[in-house]
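Chain by chain, the residues run as shown.
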Amino acid sequence: MNIFGRSWSLFKSSWGVVRSEPSLIWFPVLSALLVVIASLLLLGVLVGVVALNPNLQQALNSTTADTGESGSPLLAVAGVLVLFVYYLLVSTIATYFATGMAGAALRRLDGHDTSFAEGIQIANSRLGLILGFAAIEATVGVVLSLLRNQRQGSNLAGNLLASLGNLAWGVATFLVIPVIADHPTSPFGAIKESTLLLRKTWGEQLIGSGGLGLIFGLLAAAVVVLTFLTVFLVSSVAALLWTALGVGVGALILLAVLNSTLSGIYKAAVYRYASQGQVATQFDRTLIQNAFHTKGATA
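If you're wondering where the values come from, they're calculated on a predicted model, not measured in any experiment.

**Comments concerning the pattern of salt bridges**
Here comes step 1: In total, this model carries five salt bridges according to the counting rule given.
Here comes step 2: Among the salt bridges present, the one from Arg-108 reaches Glu-21, with a minimum N-O distance of 3.0 Å. Highlighted residues: Arg-108 in helix 4 (residues 73-109) and Glu-21 in the loop between helix 1 (3-20) and helix 2 (26-51), separated in sequence by 87 residues. The same class applies to Arg-108 and to Glu-21, which are both buried.
Here comes step 3: As a salt-bridge pair, Arg-272 and Asp-182 come within 3.2 Å of each other at their nearest N and O atoms. Of this pair, Arg-272 sits in helix 11 (residues 238-276) while Asp-182 sits in helix 8 (residues 176-182), and the two are 90 residues apart along the sequence.
Here comes step 4: Through salt bridges with shared partners, one network takes in Glu-21, Arg-108 and Asp-113.

**Focus: helix 11**
Here comes step 1: Its 39 residues place the ends of helix 11 57 Å apart at the C-alpha level, agreeing with the 57 Å of an ideal helix rising 1.5 Å per residue.
Here comes step 2: Gly-277 sits one or two positions beyond helix 11 and adopts a positive phi of about 75 degrees.

**Section: the nonpolar core**
Note that soluble globular proteins tend to have their nonpolar side chains buried in a common cluster.
Here comes step 1: If you look at the biggest cluster of nonpolar residues, it comprises 47 residues, and the most contacted ones within it are Leu-24, Phe-27, Leu-109, Ile-180, Ile-265 and Phe-283.
Here comes step 2: Examining the composition of this core, we find that ten residues originate from one element, helix 11, more than from any other.
Here comes step 3: If sequence neighbours within four positions are ignored, Ile-265 has contacts with Ser-14, Val-17, Val-18, Leu-24, Ala-105, Leu-109 and Phe-283.

**Things to note about the packing of helix 2 against helix 4**
Here comes step 1: Contact geometry of helix 2 with helix 4 gives a least axis separation of 9 Å together with a crossing angle of 165 degrees. As judged from the angle between their axes, helix 2 and helix 4 are roughly antiparallel. In the packing of helix 2 onto helix 4, the handedness of the crossing is right-handed. Taking contact as the criterion, the partners of Phe-27, Pro-28, Leu-30, Ser-31, Leu-34, Val-35, Ala-38, Ser-39, Leu-42 and Leu-46 in helix 2 are, on helix 4, Val-82, Tyr-86, Leu-89, Val-90, Ile-93, Ala-94, Phe-97, Gly-100, Met-101 and Ala-104.
Here comes step 2: A class-by-class count of the residues in the contact of helix 2 with helix 4 yields 17 nonpolar, three polar and no charged.

**A few points about a nonpolar patch on the surface**
Here comes step 1: Among the surface-exposed residues, Leu-33, Leu-34, Ile-37 and Leu-41 lie close enough to one another that they form a single nonpolar patch of about 360 Å² accessible area.
Here comes step 2: Locating Ile-37 in the fold gives a position in helix 2.

**Here's the deal with the packing of helix 7 (residues 156-172) against helix 9 (residues 187-199)**
Here comes step 1: Packing of helix 7 against helix 9 brings their axes to within 8 Å, and their N-to-C directions diverge by 90 degrees. Comparing the axis directions of helix 7 and helix 9 gives the class roughly perpendicular. For the pair formed by helix 7 and helix 9, the contact residues are Trp-169, Val-171 and Ala-172 on the first element and Ile-191, Ser-194, Thr-195 and Leu-198 on the second.
Here comes step 2: Partitioned by chemical class, the residues of the contact of helix 7 with helix 9 number five nonpolar, two polar and no charged.

**Regarding the confidence of the model for the chain**
Here comes step 1: For the chain, per-residue confidence averages 82 on the pLDDT scale, and residues scoring 70 or more make up 81% of the total.
Here comes step 2: The spread of mean pLDDT over the elements of the chain runs between helix 12 (residues 285-289), the lowest at 65, and helix 5 (residues 116-125), the highest at 96.
Here comes step 3: In the model, residues 64-68 has pLDDT below 50 throughout and makes four contacts with residues more than four positions away in sequence or in other chains.
Here comes step 4: The low-confidence segment residues 294-299, where pLDDT is below 50, has nine contacts with residues more than four positions distant or belonging to other chains.

**Remarks on the side chain of Ser-31**
Here comes step 1: Within the secondary structure, Ser-31 sits in helix 2.
Here comes step 2: When near neighbours in sequence (up to four residues on either side) are disregarded, Ser-31 contacts Ile-93, Ala-94 and Phe-97.

**Re the environment of Ser-145**
Here comes step 1: Here Ser-145 is to be found in helix 6 (residues 127-148).
Here comes step 2: On the accessibility criterion, Ser-145 (8% relative accessible area) is buried.
Here comes step 3: Discounting residues that sit within four places of it in the chain, Ser-145 has contacts with Leu-83 and Tyr-87.

**Some points on the side chain of Thr-114**
Here comes step 1: Within the fold, Thr-114 resides in the loop between helix 4 and helix 5.
Here comes step 2: When residues no more than four places from it in sequence are discounted, the contact partners of Thr-114 are Glu-21, Ala-104, Arg-107 and Arg-108.

**Looking at the packing of aromatic side chains**
Here comes step 1: All chains considered together, the criterion is met by four aromatic pairs.
Here comes step 2: The interplanar angle of 85 degrees and the centroid separation of 5.1 Å between the aromatic rings of Tyr-96 and Phe-97 together place this pair among those described as edge-to-face. The residues Tyr-96 and Phe-97 share a single accessibility class, namely buried.
Here comes step 3: Where Phe-133 meets Trp-169, the ring centres are 6.1 Å apart and the plane angle is 10 degrees; that geometry is what we call stacked. Of this pair, Phe-133 sits in helix 6 while Trp-169 sits in helix 7; the two residues are 36 residues apart in sequence, bridging distant segments of the chain.

The rules behind these values
Residues numbered from 1 in each chain as written. Predicted model: local features only at pLDDT ≥ 70, side-chain atom pairs only at ≥ 80, totals over all residues. Heavy atoms only, no water. Salt bridge = Lys/Arg side-chain N within 4 Å of Asp/Glu carboxyl O. Helix = DSSP H or I, 4+ residues; strand = E, 2+ residues; numbered from the N terminus. Buried < 20%, exposed > 50% of the residue type's maximum accessible area, 1.4 Å probe, protein only. Expected span 1.5 Å × (residues − 1). Core = buried A, V, L, I, M, F, W, Y, C linked by side-chain atoms within 4.5 Å. Contact = heavy atoms within 4.5 Å. Axes fitted to C-alpha atoms, helices over the stretch in contact; angles between N-to-C directions. Parallel < 35°, antiparallel > 145°, perpendicular 65-115°, else oblique. Left-handed = near helix turned anticlockwise from the far one by under 90°. Nonpolar A, V, L, I, M, F, W, Y, C, P; charged D, E, K, R; others polar. Patch = residues over 30% accessible without salt bridge, like charges linked within 9 Å, V, L, I, M, F, W, Y side chains within 5 Å. Areas by Shrake-Rupley, 256 points an atom, 1.4 Å probe, with all protein chains shown as cover. pLDDT = per-residue confidence, 0-100. Phe/Tyr/Trp six-rings, centres within 6.5 Å; stacked < 30°, edge-to-face > 60°.

As structure tokens, then:
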């Protein structure tokens, strides 16, 4: 099966799960909404603190023009702490809802009825684990951000290390969410299990997510092209112009939500096969099995 054919088959299989349990879509929707709200609230708090603190305003204004670095080490530490809090907040929200969706998806893939409420119950039962993993992820995020933002020269080495670190972290934690949703463990235990499942195979499961990304990338490109063409044709009518832009943005948001949902379902299906050797009835057995080639086996 060629890459596009396999990608389309994965899309249809994952979409079949969504059709049987539409409530799965609400997890990424609420996650994105709460991340935006939390980000705005944190930004509002920071703006308020700066506005009410003249000394802090003076310290911020004393930033050196040449290097862009603050003259106050305490201010630099405060910046790192704020960045950590932000990453922790975002990671906690995203991991919470992703865990709920993975838990509900695993129930559906195992042939059981499920619901949004059941997914939330699963996430609530893993709250401590979610917070622990979010703290680790936030720490990794801060370290990678500091590497990218070093002010020495062109910082080519820092950007390269940050990119490699980000890739390694993404690969190592590819199956962390379904691991957390499936059974109680520790944050490091979840990361270790995800890594072991990857080491147990050649890691072709990543191709599946890339395949879904290909489908949604093509759809998003089509939406962008159609939106620009429509805007060009109706640019003389303000009402139609804004309507076209609104429809285009709405379509892109919908595609992002569907991409997140279907990717989460695919990861749950891959995890179930990797951990128990079971192929969900919604997926083609050959398609899932071909996502795994045990080390030493021929493709």
